[in-house]
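Analysis of the macromolecular model
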2 protein chains.
Amino acid sequence: MGRGKIEIKKIENITNRQVTYSKRRAGIVKKAKELTVLCDAEVSLLMVSSTGKIHEYISPSSTHKNIYDRYQQASGTNLWQPHYERMQETLQKLKETNNKLRKEIRQRNGEDLDELNFQQLRGLEQNMEKSVECVRNRKFHVITTSSDTLKKKMKNHEETHNSLLRQFEERDADFRFPSLDFEGDYQSTIEFANGNPQIFAFRLQPKLQSNLQDEEAYGSYGLSLA
Amino acid sequence: MGRGKIEIKKIENITNRQVTYSKRRAGIVKKAKELTVLCDAEVSLLMVSSTGKIHEYISPSSTHKNIYDRYQQASGTNLWQPHYERMQETLQKLKETNNKLRKEIRQRNGEDLDELNFQQLRGLEQNMEKSVECVRNRKFHVITTSSDTLKKKMKNHEETHNSLLRQFEERDADFRFPSLDFEGDYQSTIEFANGNPQIFAFRLQPKLQSNLQDEEAYGSYGLSLA
DNA sequence: GGATCTATTTATAAATT
DNA sequence: TAATTTATAAATAGATC
């Protein structure tokens, strides 16, 4: 090398070490360039100095990533490739499933029926008739239950009201008010009902109801899918 | 270098190129080792020959992955992390969408109705009634169309048959067969019908038909989802 | 295809500016 | 601290085995 043979062992003098690092780094990069050009090779050279600084050389036609990937591939150390591929597959399958589901929904919504034959259409029709029956039953169940709850609430109100009336009567017996039955308190019942539209709703016949909000009724149910 | 200054440009002679590659590769690896020891540096050196073979040097205390990761960190070239994260997100969203779609299908199938309130149930019911009407209409359209096609086929058969009869009569006039009308050829009509069940099927009232295959009819329509 | 030899160029440690 | 010089070791192209 220079003035006298040098020993290949760690240079302890930090300034010297850094100077040597600079010079030799330039040297090795030059060698890498020459290898690239002369031998039509691809070289990825990464160097980390003892102070943590990173220097690099990469053949112009390539990238560190590309060469590193090929190295991993060759050495069988690549745990990424299969993982990535599996992810891609899963994604594809999910998308397909998604499209099938959407199609089924469209068909159950009366669209996209062109490719169904008579047999399938009849099956779909029968299934939907059965299903709408389930929904109807559930609807009645819900309305019956909430009706019961409401009746209980009404009953409670009635009792409270009567109890208050009784207390009032007892306290101010002097006035001799007539005893009022809650059932006859027409005005109060109307007010209660107006604040709770459902009270009327459940009293209507289902068939009549169906015609009330025909168009947008299902809007609140529909899912918004991105 | 050797006997006379050499020009740094691609060696076209393939044998020479490979020889030079071997020698210089040994040289650059030696330099990398020296840099590692002398300067306490970490070196990751990957070389791909023009024939695709990979050679490497890595400082004993390190790994290619470690140095490559630090390089990516430092250069902000880590395009993987965000890509991977985006993939995970997409996957998650697709799964959620999928579940929503499945739920909608279940609800349109009369299941999983517990969490719908009265309003939503009514909307669903109305929507399904409208949809089943679409399916029914489509069904009738299909059956009408195929019925027309069938009528045409029948007409053709009838004409051909009559034409054949006429030819037969004319050729063998001596036998004085009575002229047969196709309409009266009861046996032949029955045979034709037995070979083509659909002929009878489309003559049945839709309502009667619906009751024929009540249970598994929709099976052929259902999607099988993994 | 590689191993060795050799003439010459190249790299570079140390000195100098 | 960095660029330049210089003396010498190291690398290596081409030849030969």
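For the structure, check the block above.
Now for a quick tour of the structure. Everything quoted here is computed from the prediction, not taken from an experiment. (Residues numbered from 1 in each chain as written. Chains lettered and ligands numbered in written order. Predicted model: local features only at pLDDT ≥ 70, side-chain atom pairs only at ≥ 80, totals over all residues. Heavy atoms only, no water.)

Some remarks on helix H1 (residues 14-39) of chain A
- Taking 1.5 Å of rise per residue, the 26 residues of H1(A) would be expected to cover 38 Å, and the 36 Å separating its terminal C-alpha atoms lies within 8% of that figure.
- Those residues of H1(A) lying buried are A:Arg17, A:Tyr21, A:Arg24, A:Ile28, A:Val29, A:Ala32, A:Glu34, A:Leu35, A:Thr36, A:Leu38 and A:Cys39.
- Buried residues along H1(A) sit against strand S1 (42-48) and strand S2 (54-58) of chain A together with helix H1 (14-39) and strand S1 (42-48) of chain B.
- Count one or two residues on from H1(A) and you reach A:Asp40, which has phi positive near 55 degrees. (Helix = DSSP H or I, 4+ residues; strand = E, 2+ residues; numbered from the N terminus. Expected span 1.5 Å × (residues − 1). Buried < 20%, exposed > 50% of the residue type's maximum accessible area, 1.4 Å probe, protein only. Contact = heavy atoms within 4.5 Å.)

What to know about the interface of chain B and chain A
- Chain B puts 97 residues into the contact, and the matching count from chain A is 98 residues.
- When the two sides are added together, the surface that chain B and chain A hide from each other amounts to roughly 10200 Å², 67% of it contributed by carbon and sulfur.
- Our count for the chain B to chain A interface comes out at 12 salt bridges.
- Linking chain B with chain A are 25 residue pairs in polar contact (both at pLDDT 80 or more).
- Elements supplying a minimum of two residues to the side of chain B that touches chain A: H1, S1, strand S2 (54-58), helix H2 (64-75), helix H3 (80-108), helix H4 (118-171) and helix H7 (206-210) of chain B.
- For the side of chain B that touches chain A, the class distribution of residues is 45 nonpolar, 23 polar and 29 charged.
- The sheet contact formed by S1(A) and S1(B) spans 7 bridges and is antiparallel. (Buried area = accessible area lost by both parts, 1.4 Å probe. Salt bridge = Lys/Arg side-chain N within 4 Å of Asp/Glu carboxyl O. Polar contact = N/O pair within 3.5 Å; in protein donor to acceptor, adjacent residues only side chain to side chain. Nonpolar A, V, L, I, M, F, W, Y, C, P; charged D, E, K, R; others polar. Pairing = 2+ DSSP bridges.)

Regarding the pattern of salt bridges
- Taken as a whole and assessed by the stated rule, the structure comprises 24 salt bridges over all chains.
- The salt bridge partner of A:Asp114 is B:Arg138, with a shortest N-O separation of 3.8 Å. Taken together, the positions of A:Asp114 in the loop between helix H3 (80-108) and helix H4 (118-171) and B:Arg138 in helix H4 put the pair across two chains.
- On the accessibility criterion, A:Asp114 (61% relative accessible area) is exposed.
- Several salt bridges converge on common partners, so that one network encompasses A:Glu125, A:Glu129, B:Glu133, B:Arg136 and B:Lys139.

Structural notes on the nonpolar core
- Ranked by internal contacts, the top residues of the largest apolar core, which has 26 residues, are A:Val43, A:Leu45, A:Met47, B:Val43, B:Leu45 and B:Met47.
- Counting residues per element, the ones that place at least two in this core are H1 and S1 of chain A together with H1 and S1 of chain B. (Core = buried A, V, L, I, M, F, W, Y, C linked by side-chain atoms within 4.5 Å.)

Just distances and angles here, no functional claims.
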